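# Coordinates in review
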Amino acid sequence: MALYVQKFGGTSVGSVERIKAVAEKVKGFRDQGHQIVVVVSAMSGETNRLIEMASQINEEPTPREMDMLVSTGEQVTISLLAMALHQLGVKATSYTGAQIGIRTDSAHTRARIQRIETDDLRADLDEGQVVVVAGFQGVDSEGNITTLGRGGSDTTGVALAAALKADECQIYTDVDGVYTTDPRVCDKARRLESITVEEMLEMASLGSKVLQIRAVEFAGKYNVPLRVLSSFEEGPGTLITADEEISNMEEPLISGIAFNNNEAKLTVVSTPDVPGVASRILGPISDANIEVDMIVQNVAPTGGYTDFTFTVAKSDFRQTQRILQEQVIPSLGGGEVRGDDKIAKVSLVGVGMRSHAGVATRMFRVLADEGINIRMVSTSEIKISVVIDEKFLELAVRALHTAFGLDRADVSEEH
């Protein structure tokens, strides 16, 4: 008998019929003798509907009242799922985050879990009940309902699995696992049997939306085995593990290719090549709560001037340009701002890079053979990222996917 925490997202519980299907799936595990905790999101579209209603009443509602509002979405789902389980003859009890004892800080709309009280939860499990928990929410020390931010149900699931020392946290979603890259871009993408937490963190931070990054961080910190599975079809899914040896049995070098075309590049041309200039450029941008991703500063060959290039989210592009023009350039005493919002970042991810040389060389050669120019490069121990022109994104992903041996064998070359 195992203890599983199973999380079902909004699409998985998006209708009464789908909630009934989730109940059938949960019953199957319970019939095998397993102990089951189910974490659910609000039905798909419900959170957006609640937010839209709030905006019609008050364009700037207080965070506390927003948490009170949006937390009701999950409460609907847990009660309906418990009813569906009862209809199948399965003992089940539903709980909100506050009722189950998920204690958080008081940062409304983006709270962080501090501890989980598990005594009552364990008592229900020992009685043979399925425990159905509202994801995405908790309660602070003052008794206020809090929420964990968008996608927070994944974090709830992993946190409960950690607190209960569950055998596995299973994340059910509308895809059947983690793929080598987005199948919509590369039809030769294949599902990975396993991937390390480190690799999944990189993939999530680089734009892969299969899992919330906080949930992956939590799994790594508390050594929780995570498995991504499909709600709509049977299959083994993808195991996310801290054990590199398990993952490396299948993926010796590169595990996946991530990409992001939601970035923009800015260059401050002819800045003084003196200590502190990077801080003077990025300080006002940081003060505006704009996150900077890649940074490249050229060495000044002569004349004491250099170019400073960095990337930001495309949504921050215009604001960053204004800050550079109105604040940074005057403080530097000159220079010019150049921007490009038609770029994309493509990244190779794999723990195998630690023990294999020449990955970057091969990547650069593949892109050169396709006539793709590299604008920026960034590396870490298990990742290589390049910035290229956005129009070459799909070509680059497909070429690299083939060059690094990630293609599915059952897809013909004619595709």
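Small disclaimer: the values here were computed from a predicted structure and weren't measured.

## As for the packing of helix α13 (residues 359–369) against helix α14 (residues 393–403)
It is the contact of α13 with α14, at a shortest axis distance of 10 Å, that shows an interaxial angle of 130°. On the basis of the axis angle, α13 is oblique to α14. Between α13 and α14 the crossing geometry is right-handed. When α13 is examined against α14, the residues R362, M363, V366 and L367 are found in contact with a partner set consisting of A396, A399, L400 and A403. Residue composition of the contact of α13 with α14, grouped by class: 7 nonpolar, no polar and 1 charged.

## Examining the sheet that holds strand β11 (residues 226–230)
With respect to topology, 8 strands assemble into an open sheet ordered β3-β6-β2-β1-β9-β11-β12-β10, the strand pairing being mixed. At either end of the open sheet lies a strand with only one pairing partner, and these are β3 (92–95) and β10 (194–196). Recorded for the sheet is a direction-independent mean angle of 20° between the axes of neighbouring strands. Against the sheet, helix α6 (residues 119–126) engages β1 (3–8), β2 (35–40), β3 and β6 (130–134), with an angle of about 125° to β2.

## Topic: the pattern of salt bridges
Tallied over the entire structure, the rule returns 22 salt bridges. Across the pair K188 and D407 runs a salt bridge, and its minimum N-O distance is 3.7 Å. With K188 in the loop between β9 (168–173) and β10 and D407 in the segment after α14, this pair connects stretches of sequence that are 219 residues apart. On the accessibility criterion, K188 (9% relative accessible area) is buried. One salt bridge in this structure joins E193 and R191, with 3.2 Å as the shortest N-O distance. Three or more residues joined by partner-sharing salt bridges are found here, namely R103, R115 and E117.

## A short note on the UniProt feature "binding site: ATP" (unreviewed entry) in the protein chain
Taking the numbering used here, the UniProt-annotated feature "binding site: ATP" (unreviewed entry) corresponds to K7, F8, G9, G10, T173, D174, Y179, R184, K209 and V210. Considering the C-alpha atoms alone, the annotated residues occupy 204 residues of sequence and remain spread out, their largest mutual distance being 24.8 Å. Lining the largest pocket, from this annotated set, are K7, G9, G10, T173, D174, Y179, R184, K209 and V210. Tracing the chain through its elements places T173 in strand β9. Non-local contacts of T173, meaning those with residues more than four positions away in its chain, are made with S12, V228, L229, S230, S231 and F232. For D174, the side chain forms a polar contact with the side chain of T173, separated by 3.1 Å.

## Some details on α6
Within the span of α6, buried status applies to L121, D124 and L125. Along the axis of α6, the buried positions cluster into a sector of 100°, meaning they face one direction only. More than 90 degrees from the buried face of α6, the exposed residues found are D119, D120 and D126. The secondary structure elements touched by the buried residues of α6 are β1, β2, β3, α5 (97–100), β6 and α7 (152–164).

## What about the packing of aromatic side chains?
One pass over the structure, following the stated rule, counts 4 aromatic pairs. Measuring from centroid to centroid gives 5.8 Å for Y4 and F29, while their planes differ by 80°, and the two rings are edge-to-face. Linking Y4 in strand β1 with F29 in helix α1 (residues 16–31), this pair joins segments that are 25 residues apart in sequence. Per residue, the accessibility class of Y4 equals that of F29, and both read buried.

## Thoughts on the sheet that holds strand β18 (residues 343–349)
Pairing within the open sheet is antiparallel, and its 4 strands lie in the order β13-β18-β20-β19. The sheet is open, and its two edges are formed by β13 (256–260) and β19 (376–380), each paired on a single side. On average, each strand axis in the sheet is inclined to that of its neighbour by 20°, with strand direction left out of account. Examined bridge by bridge, β13 and β18 share 5 bridges and lie antiparallel to one another. Following the sheet pairing, A258 is matched in β18 by S347. In the packing of α14 onto the sheet, contacts are made with β13, β18 and β20 (383–389), and the angle to β18 comes to roughly 15°.

Rules used throughout
Residues numbered from 1 in each chain as written. Predicted model: local features only at pLDDT ≥ 70, side-chain atom pairs only at ≥ 80, totals over all residues. Heavy atoms only, no water. Axes fitted to C-alpha atoms, helices over the stretch in contact; angles between N-to-C directions. Helix = DSSP H or I, 4+ residues; strand = E, 2+ residues; numbered from the N terminus. Parallel < 35°, antiparallel > 145°, perpendicular 65-115°, else oblique. Left-handed = near helix turned anticlockwise from the far one by under 90°. Contact = heavy atoms within 4.5 Å. Nonpolar A, V, L, I, M, F, W, Y, C, P; charged D, E, K, R; others polar. Pairing = 2+ DSSP bridges. Salt bridge = Lys/Arg side-chain N within 4 Å of Asp/Glu carboxyl O. Buried < 20%, exposed > 50% of the residue type's maximum accessible area, 1.4 Å probe, protein only. UniProt positions renumbered as here; feature names shortened; annotations may be inferred. 1 Å grid on protein atoms, 1.4 Å probe; cavity = no way out; pocket = protein on both sides within 12 Å on 5 of 7 lines; lining within 4 Å. Polar contact = N/O pair within 3.5 Å; in protein donor to acceptor, adjacent residues only side chain to side chain. Arc of directions from axis to C-beta. Phe/Tyr/Trp six-rings, centres within 6.5 Å; stacked < 30°, edge-to-face > 60°.

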